[in-house]
Amino acid sequence: MGPLGRVFRFPRRSRRQIATEVDDEIHFHLEARAEQLARLGLSTAEARRAAEARFGDLERTRRALRESTRRREGRMRRRERLEAIGHDLRFALRQLRRQPGFAVVAVLTLAAGIAANAVMFGVIDRLLLRPPPHVVAPERVSRLYLRQWDEDGGERTTANISYRRLLELRDGGRAVADVAGYLADEFLLGRGDDAERVRGAYATASLFPLLGVRPVLGRFFGEAEDRPPDGARVVVLGYGLWQRRFGGDPGVIGRTVHVQSNDYTVVGVAPPGFAALDLREVDVWQPATSIRGEFGLPAEWATQHNFSWIEPVARLKPGVSAEQAAAVFSVAWARSLAEQLDAQRAAAARPRVLVAPALEQRGPQRSASARVSLWLAGVAGVVLLVACANDANLLLARGLERRREIAVRLALGVGRRRLVGQLVLESVLLALAGAVVGLVLAQWGGSLLYAVLLPDVGVHGELYDARVLAFTAAAAVVAGLLAGLVPALQASRPDLAATLKAGAREGGGRRARLRGALLVTQAALSVVLLVGAGLFVRSLHNARTVDLGLDTDRLVYATIDWRGAAPEGAEARAALDAQLLARLRALPEVERATTSLSLAFQRNITLDLFTEARDSVPRAGDMYFNAVGTDFFATTGARILQGRALDARDAVGTSPVMVVSEAMARAIWPRGGAVGRCLRVDEDTMPCATIVGVAQNVVQSELTTDSTLQYWVPETQRPSRRGSNVFALLARVRGEPAAAVPAIRAALQAELPGDAYANVAPMSELVDPSVRSWQLGATMFVAFGALALVIAAVGLYGVIAYHVSQRTHEMGVRRALGAGAGQLARTVLGEGVRAVTLGIAIGALLTWAAARWVEPLLFGVSPRDPLTYAAVAVVLLAVALLAGLAPARRAVRVDPSEALRVE
């Protein structure tokens, strides 16, 4: 149907009109039949009765005819609507083909905004929205967190509890929920060179029925195989590992695999992607009670409270709320804590249980990356708003160019609603095309984001699922409506007489004001993004330049997974440690090497400390203990500020010595003079260790916490009952750490007995996760900010250039009257600068108001940092000037005679 077709179509009929028409039709047929019968000699009454009798059930026929007519009317309306939509669609495509340059710019602008939102929705969906795969009724599954007050007055939340406490919570909460537990970890699968690190998990047998998951092959292990003290040697393989390592062979059931330090029989295969309540698929599932054999725990381990490791999971019974379950579990935990501690200490702890969502990132222990991701999702929405504002400006300009066409169509009788619908449809088509391009960009950008910045999400190259596609389509439609509705309404309200007579330069002051307002909006939103980018870049710089106390540039660490092959006895173990260290020092890639009982960012040890008078040391935070080999400080790059380092003089049988960190020396002896003092380690009956040196502070766990209270003792003088001799070997290499890793691992592996496995990596791999949230924020804020800046610059250029083209006559007159080139250039440039200046002011106010919410995500920089605000203002003003240069040059080159002739 053509654009004027609806003017001449039959009017639509209402239900009342249809009923009247049917009644009239029936009445006509009855009257005609009655007249026919009357001519045959029947009376009028008899003819009427005979006609009705021959007609049949009058009411039934009336209902059937009405329904048939309504259905036919509905089909006609639907066909008419489809024909109208088809025409509008073809017309919109023809209009866009006529201006390919406009279409390309609009599509690419929206594609950038839609891609940013698709990427961030993929992240947020997996972190906070998508239910765990294969979990039945996930809304009733919860994580349990235990909270209590410490003796120092702080409240502590933990997700890891002892096996005994898990059973006590299960038994005490039977009325409200079923309870299970699991712990995800890294396992070594295979032997020798065939060994590989996989994601494993210890799980109670009750976990699988609690979650409602079913295996794709075989079975899950049962309660009889998960009884303390030792669980059965059975495993369930993850689907991905089954496909990758075993080729999807159904004969894998009953086969033996070597996991950690033992052989296990495969009894089943989990469904694809199953990870309990975590994000990454688990490759190997073991019974929870098999942990004893892997960790060498005592036989009574399951009855003790001091080994906290397993994470509790609960499925609430129907009709039970989270608050009701929390109250019951809190009572059970209070009873459990009272059995462990004396009544007074248990009451002072004020224990309570939190029943939190199944998704960890929605609970009380949400990661910094998840918090930053939420902000980035909002930022992606801001980018889309900037893109919509830019496209709205383009559509306003296009509406001005088409105002004669629109006026003619309105004059010929096209309805305003139909016209607005066509113009909005063009905008939606642009947005849908932008969504297609945006999905291509999002696929690449999303995979890179997951792999580099969010490795724990465990999703790579899987962006095109139904949820993301549905969100992208919805975002495209919304963007098309946002960008196209106001320009369409503006374009559909012309003054017909004035427009049909108007010259080319008449555009309307209302539209000019609207375009200016959109430009200011773009500038304000760009300020928000760029300030965020600046703050996160500075946070990342501050985090990367923190003095860790260790020089990690050329530092490599190695730890050993003994897998049951550790030598028996302290002397044999010490001999092997010395052999490994000697082998490491003999490598040409290694400059220095040493040993350490703990490892920064991975393993920390705390022991009790006592002064010379055997009084306990006043606590100013956790004081980390480390037993190290000679050459430790030279190898790690930790500087000695006072006294000396630990060296070969500190051998077995010599007087005990130690080195303390500067922060620890200041905490215990605020007036100085730590060197020469002594402390007793572990027990007040131990010999007093003389402090021979004060070292620079070493960050031990997190950049945002004070973990620099530390002391070092020689490995030769380590308290004899404190664990294994060596946890880590440290080496300073001569070249790139990553290049030296294979040679170091091969050398250590050659010295190891049995199934023992050497884990070797650059020290930077332990440090990088600590800065990941700022790296994520800086990378994405800069990307989104730069994107918004480019879009705003294009929009600014378009507005200024269009205004110059519309004011050609004015420019010509001003040149003819003696205006100089500089004056005209300042006029043109001033238009963009004024709009951007107003946008900077509005954006700065918005960012200033939001500062208190973003402050916890920053590091070492104020959210109201004046330097960042000033830099953003300078950048935006520079962009405004650059965007106006070409239009300003065009304005000063206007030939007055040609401009006046054109008019």
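In every chain, residue numbers begin from 1 and rise along the written sequence. Local features in this predicted model are restricted to residues whose pLDDT is 70 or higher, and side-chain atom pairs enter the listing and the counts only when it is 80 or higher, whereas totals over whole chains, interfaces and linings include all residues. Hydrogens and waters are ignored; side-chain quantities use all the structure's heavy atoms.

It is the contact of helix α6 (residues 163-172) with helix α10 (residues 322-340), at a shortest axis distance of 9 Å, that shows an interaxial angle of 135°. The orientation of α6 relative to α10 falls into the category oblique. Between α6 and α10 lies a crossing of right-handed hand. Listed contacts from α10 to Arg164, Arg165, Glu168, Leu169 and Gly172 of α6 are Val328, Phe329, Ala332, Trp333, Ser336, Leu337, Glu339 and Gln340. Taken together, the residues that form the contact of α6 with α10 break down as six nonpolar, three polar and four charged. Every axis corresponds to a line fitted to the C-alpha atoms, with the helix fit spanning only the stretch in contact, and the corresponding angles, defined between N-to-C directions, vary from 0 to 180 degrees. Secondary structure elements follow DSSP: runs of H or I of four or more residues count as helices, runs of E of two or more count as strands, with numbering from the N terminus. Oblique is the label for any angle not covered by the other classes, which are roughly parallel (under 35 degrees), roughly antiparallel (over 145) and roughly perpendicular (65 to 115). Put simply, a crossing is left-handed when the front helix is turned counterclockwise from the back one by less than a right angle, and right-handed when it is turned clockwise. Any two residues whose heavy atoms approach within 4.5 Å are treated as being in contact. Classification convention: Asp, Glu, Lys, Arg as charged; Ala, Val, Leu, Ile, Met, Phe, Trp, Tyr, Cys, Pro as nonpolar; all other residues, Gly among them, as polar.

This part is about the pattern of salt bridges. For this document, the term salt bridge refers to a Lys or Arg side-chain nitrogen within 4 Å of an Asp or Glu carboxyl oxygen. What the rule picks out here adds up to 29 salt bridges. Of the charged contacts in the structure, one is a salt bridge between Arg170 and Asp171, with a shortest N-O distance of 3.1 Å. For every residue, the accessible area (1.4 Å probe, protein chains only) is compared with the maximum for its type, and the residue is labelled buried under 20%, exposed over 50%, or partly exposed between those bounds. On the basis of relative accessible area, Asp171 is assigned to the partly exposed category, the value being 40%. The partner of Asp577 in a salt bridge is Arg573, with the nearest N and O atoms 3.2 Å apart. Of this pair, Asp577 and Arg573 both sit in helix α18 (residues 570-585), four residues apart, roughly one helical turn. One network of salt bridges, with partners in common, ties together Arg143, Arg199, Asp278 and Glu311.

Judged by nonpolar contacts, the single largest core of 116 residues is most densely connected at Met120, Leu430, Phe536, Leu703 and Trp712. If we ignore the near neighbours within four places in the chain, the residues touching Leu703 are Ala543, Val546, Leu548, Phe601, Ser770, Val771, Trp774 and Phe859. Nonpolar cores are built from buried Ala, Val, Leu, Ile, Met, Phe, Trp, Tyr and Cys residues. Side-chain atoms within 4.5 Å join them into one set. Counting 43 residues, the second largest nonpolar core, distinct from the first, contains Ile161, Leu169, Phe187 and Ile310.

Put plainly, a disulfide is one covalent bond tying together the sulfur atoms of two cysteines. Criterion for a disulfide: a pair of cysteine sulfur atoms within 2.5 Å. Going through the model one piece at a time under the given rule, you end up with one disulfide. The disulfide bridge from Cys678 ends at Cys688, spanning 1.9 Å between sulfur atoms. Between Cys678 and Cys688, the S-S dihedral sits near 90°, and the bridge is therefore right-handed. With Cys678 in strand β20 (residues 678-681) and Cys688 in the loop between β20 and β21 (689-695), this pair connects stretches of sequence that are ten residues apart. Residue Cys678 is classed as buried on the basis of its relative accessible area, which comes to 11%.

With that settled, consider the packing of aromatic side chains. Stacked, edge-to-face and tilted are the three classes for Phe, Tyr and Trp ring pairs, Trp counted by its six-membered ring, which pair at centre distances within 6.5 Å; planes under 30 degrees apart are stacked, over 60 edge-to-face, the rest tilted. On inspection of all chains with the given rule, the structure shows 18 aromatic pairs. Taking 5.6 Å as the distance between ring centres and 70° as the angle between the ring planes, the aromatic pair formed by Tyr239 and Trp242 counts as edge-to-face. Of this pair, Tyr239 and Trp242 both sit in helix α8 (residues 239-246), three residues apart, which is roughly one turn of that helix. Ring centres of Phe633 and Trp712 lie 5.3 Å apart, and the angle between their planes is 70°; this geometry places the pair in the edge-to-face category. Within this pair, whereas Phe633 is found in helix α19 (residues 632-636), its partner Trp712 is found in strand β22 (residues 710-714), the two being separated by 79 residues in sequence. Note on Phe633: relative accessible area 5%, which makes it buried. Here a set of aromatic residues connected by ring pairs shows up, and it is made of Tyr163, Phe187, Tyr202, Trp301, Phe307 and Trp309.

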